[in-house]
Amino acid sequence: PASGSGAGAAGNEKMAGSEKMELTLVQWMHLQDDVTRLKRRFEYLERCVPPDVHKALAYFEPQGPMPPAITAEEANNSVMLQRDLAQAKVASEDAMREVTNVSTAMRG
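K.L.:
Before we go on, may I ask you to explain the overall build of the chain in this structure?
P.N.:
If you tally the helices and strands in the chain, you get three helices and zero strands. When the helices and strands of the chain are listed from N to C terminus, the series reads α-α-α. Counting the 108 residues in the chain, one finds 4% classified as buried. Counting every atom, the chain has about 9,800 Å² of accessible surface; 62% of that belongs to carbon and sulfur.

Structure below.
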C-alpha cells in the first residue's frame, strides 16, 4: 500500500484508516480461502493414513457442534461496526473535552 509523504493531515489519516479496513477484509477473505484449501488437503491425507494414526488424529476433533462459518457480508458488517464504534468513541471523547472546557471557562 502506498503511504502519504505529506505532513499527515487528518483527512489523509482517515482515508488511510479506511484503506486499512478494506485491506483487512481482503486479507480475511484470502485467509478463509487458505484455510479451506488446508482443510481439504488434511481431509485427503486423513483418508490415506493407517487406522491407528486415524484414531490418534480423532483426539483433535472438536467435541461439540462447530459454530457456523462467517460470510464475507458478516465480516464486512463487523469491520463497519468496529469503524463506527471507533468513530463514536472519538466523538464521545471530543464531547467530554468540550464539556470540561466549558466547565473550566465558567469557573473562571
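Now, onward.
K.L.:
What exactly am I supposed to notice about the pattern of salt bridges here?
P.N.:
Oppositely charged side chains are able to pair whenever their charged atoms sit close together. Enumeration according to the criterion identifies three salt bridges in this entry. Arg37 is paired through a salt bridge with Asp34; the nearest N and O atoms lie 2.3 Å apart. With Arg37 and Asp34 both in helix H1 (residues 10–48), this residue pair falls three residues apart, about one helical turn. Its relative accessible area of 39% is what places Asp34 among the partly exposed residues. Close ionic contact of Arg97 with Asp94 constitutes a salt bridge, the shortest N to O distance being 2.8 Å. A residue pair is termed a helical-turn pair when its members lie 3 or 4 positions apart in one helix, as Arg97 and Asp94 do in helix H3 (residues 72–107) at three residues.

K.L.:
Can you help me understand the packing of aromatic side chains in this one?
P.N.:
The relative placement of two aromatic rings is captured by the distance of their centres and the angle of their planes. All chains considered together, the criterion is met by one aromatic pair. Seen in terms of ring centroids, Tyr59 and Phe60 are 5.2 Å apart; in terms of plane orientation they differ by 85°. Their pairing is edge-to-face. For the residue pair Tyr59 and Phe60, the accessibility class agrees, reading exposed in each case.

K.L.:
I tried to follow the confidence of the model for the chain on my own but got confused; where do I start?
P.N.:
A low pLDDT means the predicted coordinates there should not be read in detail. When pLDDT is averaged along the chain, the result is 77; 77% of the residues meet or exceed 70. Considering each helix and strand of the chain separately, the mean pLDDT is smallest for H1, with a value of 74, and largest for H3, with 87. Every residue in residues 1–18 scores below 50 in pLDDT, and together they form two contacts with partners more than four places removed in sequence or on other chains.

K.L.:
Can you walk me through H3 in this structure?
P.N.:
For an α-helix, the turn length of 3.6 residues means that residues three or four places apart are oriented alike. Between its terminal C-alpha atoms H3 stretches 53 Å, which fits the 52 Å expected from 36 residues at 1.5 Å a residue. Within two residues after H3, Gly108 carries a phi angle of roughly 95°, on the positive side.

K.L.:
Whenever I open this one, the side chain of Glu46 confuses me. Can you help?
P.N.:
Locating Glu46 in the fold gives a position in helix H1. Within the buried core, Glu46 has no salt-bridge partner, and the shortest N-O distance to an opposite charge, that of Arg47, equals 7.2 Å. Setting aside anything within four residues of it in sequence, one finds Glu46 in contact with His54, Leu57 and Glu61.

About the criteria used
Residues numbered from 1 in each chain as written. Predicted model: local features only at pLDDT ≥ 70, side-chain atom pairs only at ≥ 80, totals over all residues. Heavy atoms only, no water. Helix = DSSP H or I, 4+ residues; strand = E, 2+ residues; numbered from the N terminus. Buried < 20%, exposed > 50% of the residue type's maximum accessible area, 1.4 Å probe, protein only. Areas by Shrake-Rupley, 256 points an atom, 1.4 Å probe, with all protein chains shown as cover. Salt bridge = Lys/Arg side-chain N within 4 Å of Asp/Glu carboxyl O. Phe/Tyr/Trp six-rings, centres within 6.5 Å; stacked < 30°, edge-to-face > 60°. pLDDT = per-residue confidence, 0-100. Contact = heavy atoms within 4.5 Å. Expected span 1.5 Å × (residues − 1). Lys, Arg positive; Asp, Glu negative; His and termini not counted.

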